[in-house]
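Structural description and commentary
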Amino acid sequence: MDVQGYKWVRWRVWLCRLAALLSLGLLLLVFHWRPRFGVFARCKSCPPALADILLLRDSFGQQHVVEVLTEEMEEGSLELLGQSEDTESRDTVQLYKEEKTLLRYYLFEGLRYVWVDRKGAFCRVSVLNEDWTCNNLHGSQKGLSPLEQSFRRTIYGTNLIDVPVKPYPKLLSHDCEIIMFSRFLILTSHSRSLRIDICTGLCVFSEEECVSSVELVPGDCLIIPQEGMLLPCDAALLAGECLVNESMLTGESVPVLKTPLQASDRKYSSDTERRHTLFSGTQLIQAKGGRPGGGGAVAVVTSTGFFTAKGDLVSSILYPQPIDFRFYRDAVKFLLILASVALIGTIYIFVTWAELVIRSLDIVTIAVPPALPAAITTGTIYAQRRLKQRGIFCISPPRINICGKVSLFCFDKTGTLTEEGLDVWGVLEAGPAGFSELVPEPRLLPPGHLRSGLACCHTVALLRGQLLGDPLELKMVESTGWTLQEPDGDGSVLNAEFGGHKVLAVMRPPDQQSTDEAMAIVQRFPFSSALQRMSVVTVTHGGRSALAFIKGSPEMVASLCQTQTVPAQFSSKLHSFSSEGLRVLAVAYKPLNVNSNLREVEKDMHFLGLLMMKNLVKPESAKVINILRKANVRSIMVTGDNVLTAVNVAKTCGMVGSDEKVIFITATPHTAQSMPTLRFSLEEEAALSGQSSVEGGFVYHLAINGKSFAVLCDHFPEYLPKVLMRATIFARMAPDQKTQLGIIFITLTVKYCYYGANDCGALRAADVGVSLSEAEASVASPFTSKTENISCVPLLIREGRCSLVTSFSLFRYMALYSLIQFCSVIILYTVKTSVADQQFLYCDILLVTLLAIVMGRGGPSEELYPSRPAASLLALPVLGSLFIHTCMIALGQLAALFITTSEEWYIPLNATEVGTANLPNFENTCVFDISGFQYIIMSVVVTKSYPHKKPLYHNMVFLILLFVQFGVTTWLVLYPGAVFSRLLQLYNISDMNFKLLLVSLAALNFLICFVVEVSDLYGASQIPRLLNYTAKSTKSDIFKVAVIESS
């Protein structure tokens, strides 16, 4: 983030105040809309260390103005910031003129940034603990002294996630500014304050005092009760185990087992140590083994407030990334075009300076429609309501329009395309002679290490007699027939039974199988998607036979085993099972010392065998993928599973057709003996060169795994765009690689969203992120679906296209409404008269507003068509049709005026009067009559339906309103009556033939505009072909990407 410092200049401040007074507050309005202008006008540039005001530029290029705050601190407290109290070691810039010690900081999007001398910059306050090691955290078990707590509370701030809500006076003043700019606006204001403040009793180790969670600071030591709690901060677990429900953050409904952080010299990071980190906002279901008596756990606070995982989630909702959509960009540009039209009109009507001010304000509010923002949102509101009725909830309505441009959908595999649960399909035990015969269930295996490993290598926990854990591990444990037992009380009984070791859990074999021994789990290293494995350490009765078991992806487990223990048929068997769509896990073991660390455990293992599990594809998946293929919407799969399993699922659900080929990309990194290589090969193992794989005479899909993806990014970046445009399967992708994939798509101007099992941030960043989870974390996603399959995808695209077409039509209608009124005013100003105020109200409220409200009620078409609606308001067909419509509007009004002035009964205007003083008159009446028809005509002309909306007759409210308004307008032309003529200041013309001629003129106007619009609708599609635009030559806005995640 770019930071520039500025200091107040007193004489500039007073000069700006005087200018604001003389401009009647207009200057303050400019400063409110463009804060940086206020900084430039009232401040001078200076080093950030001396600044009163900072001008920030974020990663999206947006500028923000923040004030530098100061807070007095105790002597010696700056040591926490790495600042020396010795004046001789200070920089040449004198930061503090006062004798007292001041902390300089600012707040931005909830985060606190403090001035750090040693870095010479404002840094996030979290930088102060970024160098903490695991040993440092273990050394914090004694807690902090009251003085240290006070120092840190001053620097870090309170442990609150405060959501600022504007007070009513500020909201009112802001709304008044908007009213000054427009004559009509629908205002929406928040009426409720959101303050997230979790207060719970915690203990600090020094004296084990109970304090409010608001007072917590990084470094505090916490005692977690056995019955669990709602955690108010991020903390590293140092002693005991915790069963945690992290659905609030990740959307995963499965409880996660957290284990103690091992002491070491490596730096602590909550991202790399997720298995040992307790996150703010998560519910601790149970804590055990960390305190005397076996209950509770011990943890150290690592982050507070907005720096926690929950704070990051709330911050991303409060301050989302800007929506970069062409429709919204063009809307602003189009308003500038209308403003230019208003300027031309202002110059045209210039008479005197006094009259110019009044008339120019009228012209500006006519040419630039103030109701435009409210009007174009009506289609989105109707779409949001329809989605809600179908069980799809949206927290970001502008993204509904973006759904209309989606051309690429990314799907997770497990739980999204396939069923959530897994069934055991079979077990293969490895031996010196290779693999044995396939066994249907682990309980049918002969007694040995493989059956023991399958029974013990898991993180399943027991809560009130019920097994909790990952569905895969629950099925695995259930298939072995072994039972889980956890220590009671302080666990001394089980500890004594197993040689005095601290027992975490005991797995006991079925009673009828006396040859197997009960095994106690004494160490756990939970599963990590980045490591692709988990491991445990077990002992038998009396502490004998300490064994380590490892379970994970076959490739990873085999790489950690001794080569001679891995059967020669390993690769072929794995290929065979994965090609059948089975989920394959490998198991290995080794004897070792009980107190071994993770590095000692996970090496030189003995390979035991393979466990195969079946994950069925949901029946809805194939139907939806087929619909997307027919609509030319590309689908890809990103998964952590084996590439062959992913290919099988892709073929089953239709991502890869039966007659289509899959080309595997294999990349090897640079080594001392060889250069990096990139190889393309078909499923049948036939090697292909890069050129032949791209230019082959068959339809193909690329498949790549995580390792090859990393090599491709590092050594072959020139091939990366080509691969991404053709790849359908991304397998064995680690969480950070999925994030990297999203970043690369963004750099290729592809609107991309990353999705994964434990990353809600990617859903928030996506153009269209859809969560299939009902957990609290789904609030981070723009869309949440109640249905547990991807059947919502076609509906979402259809509603998006319908909403985009409706917004497009409404924008054009509001522009044409302004141009109709603009032409009327300019023509009447030319002949020294004007439009009456009552006539303005009739057209604005009874005609245009009612039509704009009901135009968007038409629903989406039942089918998903291959073409996508246009999103550019500045395209040649759009501007061309608007220009022709405007010309027809002006010609129609001029024709009505000339016909009127050519009649025998016409009476010229009084030359001594101007404006409304001349009303009623013939000129005003004829122009008003024809313009009334034009408002109705244009609402029909610009309302397109085919192929993305239902036909016009499905919108019955709109049709009824059209007939009513047409009837009322015709009545006002033919038989206005004395009362309405006086009310609307119309001249009661008695010539019926003339009135019928006006109605005929309106009909001719409608016919010409309708023909122009229809020819634009069917002719615009030929323009790209005539201009030789092809899909391959498109350089920007290639894909709008959506993602579906299931938790």
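What counts, and at which threshold
- Residues numbered from 1 in each chain as written.
- Predicted model: local features only at pLDDT ≥ 70, side-chain atom pairs only at ≥ 80, totals over all residues.
- Heavy atoms only, no water.
- Helix = DSSP H or I, 4+ residues; strand = E, 2+ residues; numbered from the N terminus.
- Buried < 20%, exposed > 50% of the residue type's maximum accessible area, 1.4 Å probe, protein only.
- Contact = heavy atoms within 4.5 Å.
- Areas by Shrake-Rupley, 256 points an atom, 1.4 Å probe, with all protein chains shown as cover.
- Phe/Tyr/Trp six-rings, centres within 6.5 Å; stacked < 30°, edge-to-face > 60°.
- Axes fitted to C-alpha atoms, helices over the stretch in contact; angles between N-to-C directions.
- Parallel < 35°, antiparallel > 145°, perpendicular 65-115°, else oblique.
- Left-handed = near helix turned anticlockwise from the far one by under 90°.
- Nonpolar A, V, L, I, M, F, W, Y, C, P; charged D, E, K, R; others polar.
- UniProt positions renumbered as here; feature names shortened; annotations may be inferred.
- Arc of directions from axis to C-beta.
- Patch = residues over 30% accessible without salt bridge, like charges linked within 9 Å, V, L, I, M, F, W, Y side chains within 5 Å.
- Salt bridge = Lys/Arg side-chain N within 4 Å of Asp/Glu carboxyl O.
- Pairing = 2+ DSSP bridges.
- Core = buried A, V, L, I, M, F, W, Y, C linked by side-chain atoms within 4.5 Å.

1. Here we look at the overall build of the protein
Counting secondary structure elements, the protein contains 33 helices and 42 strands. The burial tally for the protein puts 53% of its 1047 residues in the buried class. Expressed as a percentage of contacts within the protein between residues at least 6 apart in sequence, the contacts between residues at least 24 apart total 72%. For the protein, the accessible area works out to roughly 47,300 Å², and carbon and sulfur atoms hold 58% of it.

2. Considerations on the packing of aromatic side chains
Given two aromatic rings, their pairing is described by the distance between the two centres and the angle made by the two planes. In this structure the tally under the stated criterion is 21 aromatic pairs. With a centroid separation of 5.9 Å and an interplanar angle of 55 degrees, the aromatic rings of Tyr-842 and Phe-928 are classed as tilted. Here Tyr-842, found in helix 27 (residues 837–855), pairs with Phe-928, found in helix 29 (residues 922–941); they are 86 residues apart in sequence, far enough to count as distant. By relative accessible area, Tyr-842 is classed as buried at 10%. The exposure class assigned to Phe-928 is buried, which follows from its relative accessible area of 7%.

3. Examining the packing of helix 13 (residues 449–456) against helix 14 (residues 471–480)
Interhelical geometry of helix 13 versus helix 14 gives an angle of 135 degrees and a closest axis separation of 8 Å. Comparing the axis directions of helix 13 and helix 14 gives the class oblique. Between helix 13 and helix 14 lies a crossing whose hand is left-handed. Facing Arg-451, Leu-454 and Ala-455 of helix 13, the residues of helix 14 in contact are Met-476, Val-477 and Thr-480. By residue class, the composition of the contact of helix 13 with helix 14 is four nonpolar, one polar and one charged.

4. Observations concerning the UniProt feature "transmembrane region" (unreviewed entry) in the protein
Look at the UniProt record and you will see "transmembrane region" (unreviewed entry) annotated at residues 12–33, 334–354, 810–829, 841–858, 878–899, 952–974 and 994–1015. In this annotation, residues 12–33 is assigned 86% helix and 0% strand; the end-to-end C-alpha distance for the span is 19 Å. In residues 878–899, the share of helix is 100% and the share of strand is 0%. The end C-alpha atoms are 31 Å apart.

5. Observations regarding helix 17 (residues 570–579)
Among the residues of helix 17, those classed as buried are Phe-570, Leu-574, Phe-577 and Ser-578. Down the axis of helix 17, the smallest arc covering the buried residues is 95 degrees, so these residues share one side. For helix 17, the secondary structure elements touched by its buried residues are strand 23 (423–431), strand 24 (434–435), helix 16 (554–559), strand 32 (582–591), strand 33 (606–614) and helix 20 (643–653).

6. Notes on a nonpolar patch on the surface
A grouping of Met-956, Ile-960, Val-964, Val-968, Trp-971, Tyr-975, Val-979, Phe-980 and Leu-983 is seen on the molecular surface, where their side chains present a nonpolar patch of about 860 Å² in accessible area. Listed by contribution, the elements that provide at least two residues to the nonpolar patch are helix 30 (956–974) and helix 31 (977–984). Among the elements that make up the nonpolar patch, the one with the highest residue count is helix 30 (five residues). If you trace the backbone, Val-979 turns up in helix 31. Judged by relative accessible area, Val-979 falls into the exposed class, the value being 52%.

7. Quick look at the pairing of strand 8 (residues 121–124)
Where strand 7 (residues 111–116) lies against strand 8, four bridges are found, and the strand directions are antiparallel. Residue pairing in the sheet places Tyr-113 in a bridge with Arg-124 of strand 8. Counted along the chain from strand 7 to the antiparallel partner strand 8, the turn is four residues long, and its residue Gly-120 has a positive phi close to 65 degrees.

8. Considering the sheet that holds strand 24
If you trace the nine strands from one edge of the open sheet to the other, you get 24-23-33-32-31-30-29-28-27, paired in antiparallel fashion. One side of each edge strand has no neighbouring strand; the edge strands of this open sheet are strand 24 and strand 27 (483–485). As paired elements, strand 28 (residues 505–508) and strand 29 (residues 519–528) share three bridges and run antiparallel to each other. From the neighbouring strand, Val-506 faces strand 29, where its bridge partner is Ala-520. Each of strand 23, strand 28, strand 30 (533–539), strand 31 (547–552), strand 32 and strand 33 touches helix 14; the most contacted strand, strand 33, lies at about 110 degrees to it.

9. Some words on the packing of helix 1 (residues 10–22) against helix 2 (residues 26–33)
Packing of helix 1 against helix 2 leaves a shortest axis separation of 6 Å and a crossing angle of 115 degrees. Along the contact surface, helix 1 presents Cys-16, Ala-19 and Ala-20, while helix 2 presents Leu-27, Leu-28 and Phe-31. In terms of residue class, the contact of helix 1 with helix 2 is made up of six nonpolar, no polar and no charged.

10. What about the sheet that holds strand 7?
Strand order across the open sheet formed by four strands is 5-6-7-8, with antiparallel pairing between neighbours. Of all the strands in the sheet, just strand 5 (69–73) and strand 8 have a single pairing partner and so form its edges. Ignoring which end each strand starts from, the neighbouring axes of this sheet average 40 degrees apart. Pairing analysis gives five bridges linking strand 5 to strand 6 (residues 101–108), with the strands arranged antiparallel.

11. With respect to the pairing of strand 7
Along any regular strand the residues' side chains alternate between the sheet's two faces. For strand 7, the buried fraction is high: six of the six residues fall into the buried class. Residue alternation in strand 7 divides its side chains into two sets, Leu-111, Tyr-113 and Trp-115 and Arg-112, Val-114 and Val-116, and both sets are buried. Inspection of the sheet shows strand 6 paired to strand 7 by four bridges, in the antiparallel sense. Within the sheet, the bridge partner assigned to Leu-107 lies in strand 7 and is Arg-112. Remark: two residues form the turn of the hairpin made by strand 6 and strand 7, two consecutive strands paired antiparallel; Glu-109 in that turn has positive phi of roughly 55 degrees.

12. A word on the pattern of salt bridges
Inspection of the entire model under this criterion finds 20 salt bridges. Overlapping salt bridges, with partners in common, bring together Lys-413, Glu-555, Arg-583, Asp-641 and Arg-732 in one network.

13. Digging into the environment of Ala-836
Note that Ala-836 resides in the loop between helix 26 (792–830) and helix 27. Sequence separation of Ala-836 and Leu-983 is 147 residues, and the distance between their C-alpha atoms is 9.9 Å. In this view, Ala-836 contacts Leu-919, Asn-924, Leu-984 and Gln-985; residues no more than four positions away in its chain are not counted.

14. Details of the nonpolar core
Among the nonpolar cores identified, the biggest contains 120 residues, and Phe-411, Leu-628, Ile-729, Phe-783, Val-793, Tyr-813 and Met-814 are the most heavily contacted of them. Counting residues per element, this core draws most heavily on helix 26, at 23 residues.

15. Some words on unusual backbone geometry
A cis amide bond links Leu-919 with the next residue in sequence, Pro-920, at an omega value of -10 degrees. With respect to the helices, strands and loops of the structure, Pro-920 is situated in the loop between helix 28 (876–901) and helix 29. Not every positive phi belongs to a glycine, and Glu-109 is a case in point at roughly 55 degrees. When you line up the elements, Glu-109 lands in the loop between strand 6 and strand 7.

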